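Residue strings, one per chain:
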Amino acid sequence: MSQDSAQRGNDCADRAAGPLALETALAQLLAAAAPVAERESVLTDQALRRVLAASVVSPTPIPGWDNSAMDGYALRTADVAEPGRRLQVGQRISAGATGVALAPGTAARIFTGAPVPPGADAVAVQEACEQSGDWVQVNAAVRAGDNIRRAGEEIAAGQEVLSAGTRLAPQHLALAAAVGAAELPVYRRVRVAIFSTGDELVMPGQPLAPGQIYNSNRFQLRALLETIGCEVLDLGIVADRRQDTIEALTRGASAADLILASGGVSVGEEDHVKPAIEQLGRLELWRLAIRPGKPLAFGHVGGTPVIGSPGNPVALFIVFSLLVRPFILRRQGVCGDVMPSPIWGEAGFDWPRPDKRREFVRARLERQPSGAPRVHVYSSRSSAMLSSLVWAEGLAVIPEGQALAAGDPVQYIPFSELLA
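Structural notes, computed from the coordinates. Counting restarts for each chain: residues are numbered from 1 in the order of the written sequence. Thresholds applied to this predicted model are a pLDDT of at least 70 for local features of residues and 80 or more for the giving and counting of side-chain atom pairs; totals over whole chains, interfaces and linings are not thresholded and use all residues. Computation of side-chain values covers all heavy atoms of the structure but excludes hydrogens and water.

Some remarks on the environment of Ala 256
Then comes step 1: Secondary structure is summarised from DSSP: a helix means a run of H or I of at least four residues, a strand means a run of E of at least two, and numbering begins at the N terminus for each. Mapped onto the fold, Ala 256 is located in the loop between helix H5 (242-255) and strand E17 (258-262).
Then comes step 2: A C-alpha to C-alpha distance of 34 Å links Ala 256 and Ala 396, two positions 140 residues apart in sequence.
Then comes step 3: Sequence-distant contacts of Ala 256, that is, excluding residues within four places in its chain, are made with Arg 191, Val 192, Ala 193 and Thr 304. In what follows, a contact means two residues having at least one pair of non-hydrogen atoms within 4.5 Å.

Focus on the sheet that holds strand E18 (residues 282-286)
Then comes step 1: Pairing between strands is defined by DSSP: at least two bridges between the two strands are required. With mixed pairing, the 6 strands of this open sheet are ordered in space as E16-E13-E17-E21-E20-E18. A strand with exactly one partner marks an edge of an open sheet, and here the two such strands are strand E16 (231-238) and E18. Across the sheet, the mean angle from the axis of one strand to that of its neighbour is 20°, orientation sign disregarded.
Then comes step 2: In terms of strand pairing, E17 meets strand E21 (residues 304-309) through 4 bridges, oriented parallel. Its bridge partner being in E21, Ser 262 is matched across the sheet by Ser 309.
Then comes step 3: Each axis is a line fitted through C-alpha atoms, and for a helix only the stretch in contact is used; angles between axes span 0 to 180 degrees, taken between their N-to-C directions. Along the sheet, H5 makes contact with strand E13 (191-197), E16, E17, strand E20 (297-301) and E21, crossing E16 at roughly 170°.

Overview of the packing of aromatic side chains
Then comes step 1: The aromatic pairing rule takes the rings of Phe, Tyr and Trp, using the six-membered ring of Trp, and pairs them if the centres are within 6.5 Å, calling planes under 30 degrees apart stacked, those over 60 edge-to-face and the rest tilted. A full pass over the atoms with the stated rule returns 4 aromatic pairs.
Then comes step 2: Their ring planes at 80° and their centres at 6.1 Å tell us that Phe 349 and Trp 351 sit as a pair that is edge-to-face. Like Trp 351, Phe 349 is buried.
Then comes step 3: Consider the ring centre and the ring normal. A charge sits over the ring if Lys NZ or Arg CZ is within 6 Å of that centre and within 35 degrees of that normal. Sitting over the ring of Tyr 73, Arg 109 keeps its end group 5.0 Å from the ring centre.
Then comes step 4: The ring of Trp 286 has Lys 274 sitting right over it, with the charged end atom 5.0 Å from the ring centre. Residue exposure (1.4 Å probe, protein chains only): buried if accessible area is under 20% of the type maximum, exposed if over 50%, otherwise partly exposed.

So, unusual backbone geometry
Then comes step 1: Cis geometry marks the peptide bond from Ile 62 to Pro 63, where omega comes out at -10°.
Then comes step 2: Structurally, the position occupied by Pro 63 is in the loop between strand E2 (56-57) and strand E3 (67-68).
Then comes step 3: A cis amide bond links Arg 291 to the next residue, Pro 292, at an omega of -10°.
Then comes step 4: Relative to the elements of secondary structure, Pro 292 occurs in the loop between strand E19 (290-291) and E20.
Then comes step 5: The backbone phi angle of Arg 287 is positive, close to 80°, even though this residue is not glycine.
Then comes step 6: Residue position: Arg 287 is located in the loop between E18 and E19.

Here's the deal with the nonpolar core
Then comes step 1: By nonpolar core is meant a set of buried Ala, Val, Leu, Ile, Met, Phe, Trp, Tyr and Cys residues that side-chain atoms within 4.5 Å join together. Judged by nonpolar contacts, the single largest core of 49 residues is most densely connected at Leu 225, Leu 260, Leu 323 and Ile 328.
Then comes step 2: Only helix H2 (22-31), E13, helix H4 (216-227), E17, helix H7 (313-331) and strand E25 (394-398) provide two or more residues apiece to this core.
Then comes step 3: A total of 12 residues in this core trace back to one element, the largest contributor, which is H7.
Then comes step 4: Beyond its immediate sequence surroundings of up to four residues, Leu 323 is in contact with Leu 22, Ala 25, Leu 26, Leu 29, Leu 288 and Leu 296.
Then comes step 5: Of all hydrophobic cores here, the second largest spans 19 residues; its members include Leu 249, Ala 256, Val 265 and Val 273.

Points about the side chain of Ser 380
Then comes step 1: Within the element layout of this structure, Ser 380 appears in the loop between strand E24 (373-377) and helix H8 (387-391).
Then comes step 2: Here Ser 380 falls in the buried class, since its relative accessible area comes to 17%.
Then comes step 3: For Ser 380, the side chain forms a polar contact with the main-chain nitrogen of Ser 382, separated by 3.1 Å.
Then comes step 4: Excluding anything up to four places from it in sequence, Ser 380 contacts Arg 362 and Met 385. Polar contact criterion, stated in full: a pair of N or O atoms within 3.5 Å, where within protein one must be able to donate a hydrogen and the other to accept it, and residues adjacent in sequence count only if both atoms are side-chain atoms.

So, the sheet that holds strand E5 (residues 85-93)
Then comes step 1: Pairing is mixed across the open sheet formed by 6 strands, whose spatial order is E7-E4-E6-E5-E9-E8. Of all strands in the sheet, those bounded by a partner on one side alone are strand E7 (122-125) and strand E8 (129-132). Direction aside, neighbouring strands of the sheet carry axes that sit 40° apart on average.
Then comes step 2: Where E5 lies against strand E6 (residues 106-110), 5 bridges are found, and the strand directions are parallel. The partner of Arg 92 across the bridge, within E6, is Arg 109.

See below:
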């Protein structure tokens, strides 16, 4: 059988199989998303959004000593058996200083975070005390242990505080610094080669000839990748010719961990990404049962994964958010769930004509007087309307084959879940 005949046979099989459900396609992508192997050490204050390649263990307990949780007076509870007792203030201990052993019948003026002096078993808060000269009167009952943070109460020496596979947020960096980690072991950044296909595309700043449009996908795709910490290799605009597409894929495969193409993945005569992947390597996934975003190609060229995304900017955004982003997070080494977490709201719209594909509709939330979220959708379903992504604040999820009426519950994915 000739290569062309074999290709026609594969196309027939593809059409017979039908588009893949989102969950099936995602599972297939994630199964192929092995983390990059190389690791590097970076300064902790430079590690935001990087992924830990090894766990972080605290060398010391946190807190490192018993310390005061409040401003007040460190004392022996035996000396204040009942409210109204007076004690001599024999020392003052601020954060960063240390005191001496507390003599019976005395108290130490102490501040939040300061070490509790030996002999003291509680701290009376300053609001419950009256100081006059070198004496303090304790006007409230005090129990042993009150307002003392014990050594190792939060973290024990040798305890793991951050697990390998954690994508580092500001609070993770703060915790790493708190246990003394000046540097952190992380996976290197994932390198992604991108290109846009289309004879109609020109870059902003150039004059538009009849039939031409500006290449907005290049800016959207690059920004989406940089948002999740990728290193981007921009291969530019690729003409609608098979050989040009083959050359772009070959360049990307030799230099990147992933190739992302926008446009050229449908079945028209000028769509060359899918056949180029098949010519150079293997195609493993083709077409999704979602709207927008049905045209999608996933495969490998020379061992490098390739994802061909739709050219319409809204479809590109949705495919990236729901499939490409989780794939890249897994390649970065992220463990656990990499999918966005939707919330439920009340439909502020009617959806009387369901589609056989699951739809992701540009939407935004409005709070009702009761505080309940109400979901409103954009007036057009066109995946070419880039301005709709600026209007929207998230995506409403319309299940396949389901009609909705105003007031029905509907899932909503905030953009905050997709752009962080």
